[in-house]
Amino acid sequence: MPFSDLGLSDKVLNAVETAGYTEPTPIQAEAIPHVLARRDVLGIAQTGTGKTAAFTLPMLTLLENGRARARMPRTLILEPTRELAAQVVENFDRYGTNHKLNVALIIGGVSFADQDAKLMRGTDVLIATPGRLLDHFERGKLLLTGVELLVIDEADRMLDMGFIPDIERIVKMVPFTRQTLFFSATMPPEIERLADMFLHNPQRVEVARPASTATTITQRLVATGSEGHAKRERLRDLIRGEGELKNGIIFCNRKRDVALLQKSLVSHGFDAAALHGDMDQRARTTALDAFRNGETALLVASDVAARGLDIPAVSHVFNFDVPHHPEDYVHRIGRTGRAGRSGTAYTLVSPEDSRSLGAIEALIGQPVPWFDGDLSTMADASADTGTRHRGRSGEARRGGRTAKGTGRSAPAKAADEGADRTSARGSRGAATAQRAEARPPASRPEARPPASRAEARPAPRRDINREERGRRPETDGETPVGLGSHVPAFLLRPVLAKKEK
Ligand code: AMP
């Protein structure tokens, strides 16, 4: 079906042609006519399906009639992360070349003054993250009573990030008669409930979830121990072994590991940038631009920060951790092997990952081959040393692996230990992470994949200021109760009771 059959205006069709698109993607073909007919739409689609244009293009057509008033945006698009919000702005820039529309980006981490000025001028399209939007509202700088169309994008990510109470507040501020477009990659019960609440008689539009992985991607599992430094060493060996590595994204489950791993890679002479939700906006943009421009070959990222980012031509993906949600695996490795190019995806697997790995293989419907020996090889290595989960177990095991000939030089090893020690001294978070890694698998809280996304979500914190809100989009694993499963050594010492006289 050609774009011209969808009911889009000539200005929009012209911009689509300039963008070089010949045919609408399935989500575009299905959703666009309903949006133009002013229907509410429930879109179940992931990023990468052309979802952004599925709402941007008809919005541009609809916005051709009418004018914006000061402080009263005509349309509002809510995005979970600043990067996704910025990407939607880029879409409006690209497809809106023939329109004279005011598009405002309202995200945390940047000054209020410029955003205020933009709102004052009158906004046709307001693209915002929930926290900063509420800040402007509470400062009396914004009225949402003129919103004719509301887009809630990446609803399941909003849920993961604890943004749902904010979204519910915002929805109460926009007119009941608005048109609503609601997009989510998955539909857990909590999201179904929200969709029922926010949408009126919606048209449901669904494109197949990418449960299968592209055949252009070579996937391999890489057996590793659980300790951070063992995993980092394994990763370095993998990267060094890849002659063809043009660039790669390395995914970690926890943002504290992103920072730690990036520093460690740099200390070993690799060219790596970090991207996670606790970084300030400028640092995030710099890291992303450097990776996109090819100035930095490696990007160490968390799922939330990397989610939905349009980064073309990545040759390698490394999963430093097995993701807890199997869809995240498909999403992560889908950053490579795009548009028919070949790509390679390595996943480091330690003994306690078997459950998460099983869920991934069930989702993609096939086992992923091992790279150079499965976990039984690791078990042998730890049996050799006999010290796997005791005290300085990592060093003992690393000795074992080095003896097998990983080919690492002595200075590199020293640098690794230096990096580990520095981080253990310098950061409480990192020290805690290392303690957790040294625990036997059964006692690791991270070893149990959360039963549901809702369970993994941090409890919404109402007491933090709005700037903080913008920087709390990621979980850092489950929250330990008290000391978690860590028992301080002094509590394990035998108690010597004094004899009664
Ligand atoms: P999205 O799912 O919105 O993140 O889009 C993913 C990528 O697909 C972006 O790079 C878009 O530029 C591109 N894209 C969107 N629509 C089309 C289309 N109809 N034909 C080809 N590429 C498209």
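By the naming in an unreviewed UniProt entry, the protein chain goes by DEAD/DEAH box helicase and is assigned to Methylobacterium longum. Quoted straight from UniProt, the Sequence similarities (unreviewed entry) entry for the protein chain says "Belongs to the DEAD box helicase family."

**Q** Go over the UniProt feature "short sequence motif: Q motif" (unreviewed entry) in the protein chain with me, naming the residues and quoting the values.
**A** Residues given the UniProt feature "short sequence motif: Q motif" (unreviewed entry) here are residues 1-29. The span residues 1-29 shows a helical share of 48% and a strand share of 0%, and its end C-alpha atoms are spaced 8 Å apart.

**Q** Mind laying out the pairing of strand S1 (residues 41-44), listing which residues take part and the relevant values?
**A** The alternating pattern of S1 places Val41 and Gly43 and Leu42 and Ile44 on opposite faces, both of which are buried. When S1 meets strand S6 (residues 179-184), the two strands line up parallel, connected through four bridges. Bridging across to S6, Gly43 finds its partner in Phe183. The sheet contact formed by S1 and strand S7 (residues 203-206) spans four bridges and is parallel. Following the sheet pairing, Leu42 is matched in S7 by Arg204.

**Q** Account for the pattern of salt bridges, naming residues and giving values.
**A** Counted according to the given criterion, the structure contains 20 salt bridges. For the salt bridge of Glu154 with Lys51, the shortest nitrogen-to-oxygen distance reads 3.2 Å. Here the residue Glu154 occupies a position in the loop between strand S5 (149-152) and helix H7 (155-160), and Lys51 occupies one in helix H3 (residues 51-63), the gap between them amounting to 103 residues. We classify Lys51 as buried; its relative accessible area is 2%. The network of salt bridges with shared partners includes Lys51, Asp153 and Glu154.

**Q** Outline the environment of Pro2, listing residues and values.
**A** Relative to the assigned elements, Pro2 resides in the segment before helix H1 (10-19). Classification of Pro2 as partly exposed rests on a relative accessible area of 39%.

**Q** Break down the sheet that holds strand S11 (residues 298-302) for me, with residues and values.
**A** With respect to topology, six strands assemble into an open sheet ordered S8-S13-S12-S9-S11-S10, the strand pairing being parallel. The open sheet has two free edges, formed respectively by strand S8 (217-223) and strand S10 (272-275), since each of these has just one partner strand. For this sheet, the mean angle separating the axes of adjacent strands, direction not counted, is 20°. Bridge analysis of strand S12 (residues 316-319) against strand S13 (residues 343-349) gives four bridges, and the strand direction is parallel. Across the sheet, the residue bridging to Phe318 is Tyr346, located in S13.

**Q** For the sheet that holds S7, give the residues involved together with the corresponding values.
**A** Spatially, the seven strands line up as an open sheet ordered S3-S4-S2-S5-S6-S1-S7, and their pairing is parallel. At either margin of the open sheet sits one strand with a lone partner, and together these are strand S3 (103-106) and S7. On average, each strand axis in the sheet is tilted by 15° relative to the strand beside it, whichever way the strands run. Relative to S5, strand S2 (residues 75-78) runs parallel, the two sharing four bridges. Among the inter-strand pairings, Leu76 is bridged to a residue of S5, identified as Leu150. Where helix H2 (residues 26-36) meets the sheet, its contacts fall on S1, S5, S6 and S7, and the angle it forms with S7 comes to roughly 165°.

Definitions and limits used
- Residues numbered from 1 in each chain as written.
- Predicted model: local features only at pLDDT ≥ 70, side-chain atom pairs only at ≥ 80, totals over all residues.
- Heavy atoms only, no water.
- UniProt positions renumbered as here; feature names shortened; annotations may be inferred.
- Helix = DSSP H or I, 4+ residues; strand = E, 2+ residues; numbered from the N terminus.
- Buried < 20%, exposed > 50% of the residue type's maximum accessible area, 1.4 Å probe, protein only.
- Pairing = 2+ DSSP bridges.
- Salt bridge = Lys/Arg side-chain N within 4 Å of Asp/Glu carboxyl O.
- Axes fitted to C-alpha atoms, helices over the stretch in contact; angles between N-to-C directions.
- Contact = heavy atoms within 4.5 Å.

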